[in-house]
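Architecture and fold: a report
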Amino acid sequence: AARTHTPDANMASGFGAKGNEGRCTPLWRNFSRCMSTADDPSECASLREDYFECLHHKKEITRQNAVEERRAELINDKAEKLKAEIWKDVFDSSWTKVEPKAKDGDGKKK
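A quick note: this is a predicted structure, and the numbers were derived from the prediction, not measured.

**Some thoughts on the state of the cysteines**
- Overall, the coordinates contain two disulfides when judged by the stated rule.
- With its sulfur 2.0 Å from that of its partner, C34 forms a disulfide with C44. Handedness of the C34-C44 disulfide follows from its S-S torsion of about -90 degrees: it is left-handed. One end of the pair, C34, is in helix α1 (residues 25-37); the other, C44, is in the loop between α1 and α2 (45-56), with ten residues separating them in the sequence. Of the two residues examined, C34 and C44, each falls in the buried class.

**Some details on the nonpolar core**
- By size, the foremost hydrophobic cluster in this structure holds seven residues: C24, W28, F31, C34, C44, Y51 and C54.
- When contributions to this core are tallied by element, the ones reaching two or more residues are α1 and α2.
- Among the elements that make up this core, the one with the highest residue count is α1 (three residues).
- Filtering out sequence-adjacent residues up to four positions away, C54 remains in contact with R23, C24 and L27.

**Some points on the packing of α1 against α2**
- Contact pair α1 / α2: the axes reach a minimum separation of 9 Å and the direction vectors enclose 155 degrees. When the axis of α1 is compared with that of α2, the two are roughly antiparallel. With respect to the hand of their crossing, α1 and α2 are arranged in left-handed fashion. Along the contact surface, α1 presents L27, W28, N30, F31 and C34, while α2 presents L47, R48, D50, Y51 and C54.
- Per-class residue counts for the contact of α1 with α2 are seven nonpolar, one polar and two charged.

Here is what the cut-offs are and how they apply
Residues numbered from 1 in each chain as written. Predicted model: local features only at pLDDT ≥ 70, side-chain atom pairs only at ≥ 80, totals over all residues. Heavy atoms only, no water. Disulfide = S-S within 2.5 Å. Helix = DSSP H or I, 4+ residues; strand = E, 2+ residues; numbered from the N terminus. Buried < 20%, exposed > 50% of the residue type's maximum accessible area, 1.4 Å probe, protein only. Core = buried A, V, L, I, M, F, W, Y, C linked by side-chain atoms within 4.5 Å. Contact = heavy atoms within 4.5 Å. Axes fitted to C-alpha atoms, helices over the stretch in contact; angles between N-to-C directions. Parallel < 35°, antiparallel > 145°, perpendicular 65-115°, else oblique. Left-handed = near helix turned anticlockwise from the far one by under 90°. Nonpolar A, V, L, I, M, F, W, Y, C, P; charged D, E, K, R; others polar.

As structure tokens, this is what we get:
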């Protein structure tokens, strides 16, 4: 049986994992339509970019990694500040700075 030409003929199938239309199919259709009607293929660059982002999520992943990296930096900075405060408290309350108890007039401790 011969297949008829469809706008999605160059796509793998146009169907998603559960049999319905794939999530990127509408973007592919827009890009394909633009390429078939454009005088200059560069006119379709943003549609191509959108389609590839839908397929591979590179911008999304890059952004997510940047957010996670910044979050880790903030957590580490906060942890370092807390650690410094804790160590300062430990050294400020060290046994070497304990004041001796006051003595009565006869030299004995109270």
